[in-house]
Amino acid sequence: MSGDVCLDLVVRNARIATGSDVFNADIGIANGVIVMLGAQLPRGAREIDAAGRWVLPGGVDAHCHLDQPTGDGSVMADDFASGTRSAACGGTTTVIPFACQQRGGTLQAAVDDYHRRAQALALIDYAFHLIVTDPTPDVLERELPALIARGYTSFKIYMTYDALKLNDRQILDLLAIARRERAMTMIHAENADCIAWLTERMLARGLTAPSYHALSRVPVVEREATHRAISLSEMLDTPVLIVHVSGREAIEQIQQAQWRGAPIYAETCPQYLFLTEDDLALEGFEGAKCICSPPPRDAANQDAVWRALDHGVFSVFSSDHAPFRFDGPHGKKAYGEQATFDKVPNGIPGLETRLALLFSEGVLAGRIDVNRFVEMTSTGPAKLYGLHPRKGTIAIGSDADLVIWDTFEPRPIRNADLHHNVDYTPYEGRLVRAWPGITISRGDAVWQRDTGFVADAPGRGQFLPCERPVALHRSRRERKTGGSVFPWLEALGM
Ligand code: URP
Ligand code: ZN
Ligand code: ZN
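Going along each chain's sequence as written, the residues are numbered from 1 onward. Whichever chain is written first is A, and whichever ligand is written first is 1; the rest continue in order. This being a predicted model, a pLDDT of at least 70 is required before a residue's local features are given, and a value of 80 or more before pairs of side-chain atoms are given or counted; all residues contribute to the totals for chains, interfaces and linings. Side-chain numbers here rest on the full set of heavy atoms in the structure, without hydrogens or water.

A. Seen up close, the pattern of salt bridges. When a carboxyl oxygen of Asp or Glu is within 4 Å of a side-chain nitrogen of Lys or Arg, the pair counts as a salt bridge. Within the structure shown, the criterion is met by 35 salt bridges. A salt bridge links E249 to R223; the shortest N-O distance between them is 3.0 Å. Here E249, found in helix α8 (residues 248-259), pairs with R223, found in helix α7 (residues 219-236); they are 26 residues apart in sequence, far enough to count as distant. Under the scheme applied here, a residue whose accessible area is under 20% of the maximum for its type counts as buried, over 50% as exposed, and between as partly exposed, the area being computed with a 1.4 Å probe on protein chains only. Looking at E249, the relative accessible area reads 17%, which means it is buried. Only DSSP runs of H or I with at least four residues qualify as helices, and only runs of E with at least two residues qualify as strands; both kinds are numbered from the N terminus onward.

B. Expanded view of the UniProt feature "domain: Amidohydrolase-related" (unreviewed entry) in the protein. Under the local residue numbering, the UniProt record ascribes the feature "domain: Amidohydrolase-related" (unreviewed entry) to residues 54-435. Annotated as residues 54-435, this span is 37% helix and 14% strand, and its ends, taken at the C-alpha atoms, are 11 Å apart. UniProt positions are given in the numbering used here, feature names are shortened, and annotations may be inferred rather than shown by experiment.

C. How the structure looks around the coordination of the zinc ion (ligand 3). Within the protein, the atoms that donate to the zinc ion (ligand 3) are H63 (NE2), H65 (NE2) and D320 (OD), at distances of 2.0 to 2.1 Å. Donor selection uses N, O and S atoms within 2.8 Å of the metal (3.2 Å for Na, K and Ca). Since no water is included, sites may look incomplete. Between 85 and 135 degrees for all angles marks four donors as tetrahedral; over 155 degrees for opposite donors together with 65 to 115 for all other angles marks four donors as square planar and six as octahedral; every other arrangement is irregular. Classification of the site at the zinc ion (ligand 3) rests on its four donor atoms, whose angles at the metal span 90 to 120 degrees, yielding the label tetrahedral. When the donors of the zinc ion (ligand 3) are listed by position in the chain, the intervening gaps give H-x1-H-x254-D.

D. Expanded view of α7. To estimate how far a helix should extend, the number of its residues minus one is multiplied by 1.5 Å. For α7, which comprises 18 residues, the first-to-last C-alpha distance of 26 Å matches the rise-based estimate of 26 Å (1.5 Å per residue) to within 8%. Residues of α7 that are buried: V221, E222, A225, T226, R228, A229, I230, L232, S233, E234 and L236. The positive-phi residue at the C-terminal boundary of α7 is D237, with phi of around 45 degrees.

E. Layout of the coordination of the zinc ion (ligand 2). Looking at the metal site, the zinc ion (ligand 2) is ligated by K156 (NZ), H188 (ND1) and H244 (NE2), spaced 2.1 to 2.2 Å from it. We note that the donor set of the zinc ion (ligand 2) lies within a single chain, spaced as K-x31-H-x55-H. Metal-to-metal, the separation of the zinc ion (ligand 2) and the zinc ion (ligand 3) is 4.0 Å. Here the residue H188 occupies a position in strand β12 (residues 184-188), and H244 occupies one in the loop between β13 (240-242) and α8, the gap between them amounting to 56 residues. Neither H188 nor H244 differs from the other in exposure class; each is buried.

F. Quick look at the packing of helix α2 (residues 107-119) against helix α3 (residues 137-149). Note on definitions: angles span 0 to 180 degrees between N-to-C directions of axes, and those axes are lines fitted to C-alpha atoms, for helices only across the stretch in contact. Taken N-terminus to C-terminus, the directions of α2 and α3 make an angle of 30 degrees; their axes are 9 Å apart at the nearest point. Our classification of the angle between α2 and α3 gives roughly parallel. In this structure, α2 contributes L107, Q108 and V111 to the contact, and α3 contributes V139, E143, L144 and L147. Amino acid classes used here: Ala, Val, Leu, Ile, Met, Phe, Trp, Tyr, Cys and Pro are nonpolar; Asp, Glu, Lys and Arg are charged; the rest, including Gly, are polar. Residue composition of the contact of α2 with α3, by class: five nonpolar, one polar and one charged. Here is the rule for angles: anything less than 35 degrees is roughly parallel, anything more than 145 is roughly antiparallel, 65 through 115 is roughly perpendicular, and the remaining ranges are oblique. Throughout, a contact is declared for two residues whenever any of their heavy atoms are within 4.5 Å.

G. Highlighting the site of ligand 1. Taken together, 13 residues are adjacent to ligand 1, and H63, K156, H188, S293 and D320 come closest. One of the side-chain N or O atoms of D320 is found 2.7 Å from a nitrogen atom in ligand 1. Here ligand 1 loses 94% of its free accessible area of 270 Å² to cover by the protein chains. According to the grid-proximity analysis, the pocket containing ligand 1 is the largest pocket. For the shell around ligand 1, the per-class residue count stands at four nonpolar, seven polar and two charged. What makes a residue near a molecule or strand is one non-hydrogen atom of that residue sitting within 4 Å of it. Polar contact criterion, stated in full: a pair of N or O atoms within 3.5 Å, where within protein one must be able to donate a hydrogen and the other to accept it, and residues adjacent in sequence count only if both atoms are side-chain atoms. Here the open area of atoms and residues is found with the Shrake-Rupley method and a 1.4 Å probe, where only the protein chains shown may cover a residue. The rule is simple: put a 1 Å grid over the protein atoms alone, call a set of points where a 1.4 Å probe fits but cannot get out a cavity, call an open set with protein on both sides within 12 Å along at least five of seven lines a pocket, and count a residue as lining if it has an atom within 4 Å of a point. In this description, a molecule resides in a pocket or cavity if more than half of its atoms sit within 2 Å of the grid points defining it.

H. Looking closely at the layout of surface pockets. Grid points are joined across faces, edges and corners, and a volume is the space filled by probe spheres set on the points. Taken as a whole, the largest pocket encloses approximately 1,100 Å³ of empty space. In terms of lining residues, the largest pocket is bounded by 46 residues, among which D72, Y161, D162, L164 and N346 are the most central. Those elements giving two or more residues to the lining of the largest pocket turn out to be β11 (154-158) and α5 (192-204). Across the lining of the largest pocket, the residue classes tally to 17 nonpolar, 18 polar and eleven charged.

This is the structure in C-alpha cells:
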C-alpha cells in the first residue's frame, strides 16, 4: 500500500454490503471518491469508526418530485433545498426528479427551468428524468434525441391524467425513439378512460370522500394499462419500466412478461408495502393525506408486493415523493376541505422515510436480505438510469456516497423529526428499528443522527448527466436468435 496517499476520510471497520457481497473493510476516501478498500488503511485527515454497523451505498431515489410545476393551482411543498435535505437525512445521496414538458412548450424549456430550480439549492447530487407530454414531430425527431445524447437518458410518459396522458400511437412514437436512441421509458400505467368512467359515476351518486379515490382506480385499471404498456414495449422490442406498481394484478402482468424474456422492468414504493386503502378512509378529510396514484391496496396486495420484492420482479424501490401540504391553500386542500376526491392533488411525501422503512421491515424483519435491499434502493436504479458505477455501489473509483446505519429498539416515526417541508407524514407513529446514522455524500458528512447535524450547503449537489444503460438495451434480435423474431421491425428498417 502506498505511503504517499493522503486520505481525507477513512471509515474504519465497516461491515459493507453491496448489491451482491458482504465484507468487512476500511474505506479510504480522497477528493470525494473511494480510493482504497482493505484492512488497516493509513490514517485519514478524518476518521469514523463504524465497528458493528452496516455501511451501505447511499440511496438513489430514482422517482421523486421536487418543485415540479403542476398547472392545477397546487404547489409542491419541497423545493430542491428542503427535498434534498430531507433525502440526505433519510440516507439518500442521489435523487432523480422530473423535468416536465408543459403542453405547447418544449422539452428544452422544461430542462432549463428545472436546472434553474435545482442548481443553487441541491445539497446532494441529482440527475433529471424528462416527462414528455407533447410529442410533436420536433420533440420526437430533434429535441428528445439531442437531450438523450446530453445525459437525459430516461423519460416518463403517462397513460392517465388529462394534462399529461398520451394515446397508444403517441406512446409507440416515443418507444421508437427510445429504441433508436437507447433511452429508458418509464410508464405510469393506469387506464384514463376507465378512471374517468368510474369517477363520473361515483361523483353523480355523491360518493366524493377520499376513500372513493381507491375505488375509482381499482386494480383492473392498472392491470389493463400495465398489460398494454408491456404489449407496446414488446411490439417495438424496447425496454420499459413500469413505475409505482401497487399490487398483485400488475405484478402478474410484469412477471409473465419477464418470464417470456421481454425487457420489462418495474418499480414499487413504500406506500404499497406500508399503507392500505383503509388509510384513505380515515375520519373526515384525513384520508386525503394518502391519496396517490395508483392507490394503496389491501393486505393481500401488500403481501404480493413483498413476495415480488424478494423474487426479483422489481429493480427499483423509489419513494415517488410528491410533496403537498395537508393544510394551506396549495396542497391537499387546494379546493377546500369538502373537495371531491378527484380534485385532491395526487401524491404523498416519502423521501426521508423510504430507506428506514424498508431496512426495518425488510432486512431486519427477515423478509429480504441486505443485498436485495441495496440492489433495489441504490445499485438497481443507478444501473438502469446510467449512473453506475459512479453511484450505487461501494467500489474503488466510485463516489464516496455512503450510509452508516444505526439500529435500535423500535421507535415511532414523527413528522416533527423529519426535514421535508410537508406538514405530515403518512407513516406517523409507525415503528422503525433503524435509521441512517451518518450520510456521506462525495466524502462529506451531510447528516449525523446523534447530533441532528445537517450540512448547511445548498448548491453543493452536482448535476449528473446519465449514460445510456447499454447492457439493458440489446434488442432480442441482436441477441442472435438466428432469424428475426420481429419481422415487422425488420420490414420497417428498425
Ligand atoms: O400520485 C402520485 N403518484 N403522484 C405523483 C405523480 C406520479 O404519477 O408519479
Ligand atoms: Zn406516475
Ligand atoms: Zn411520481
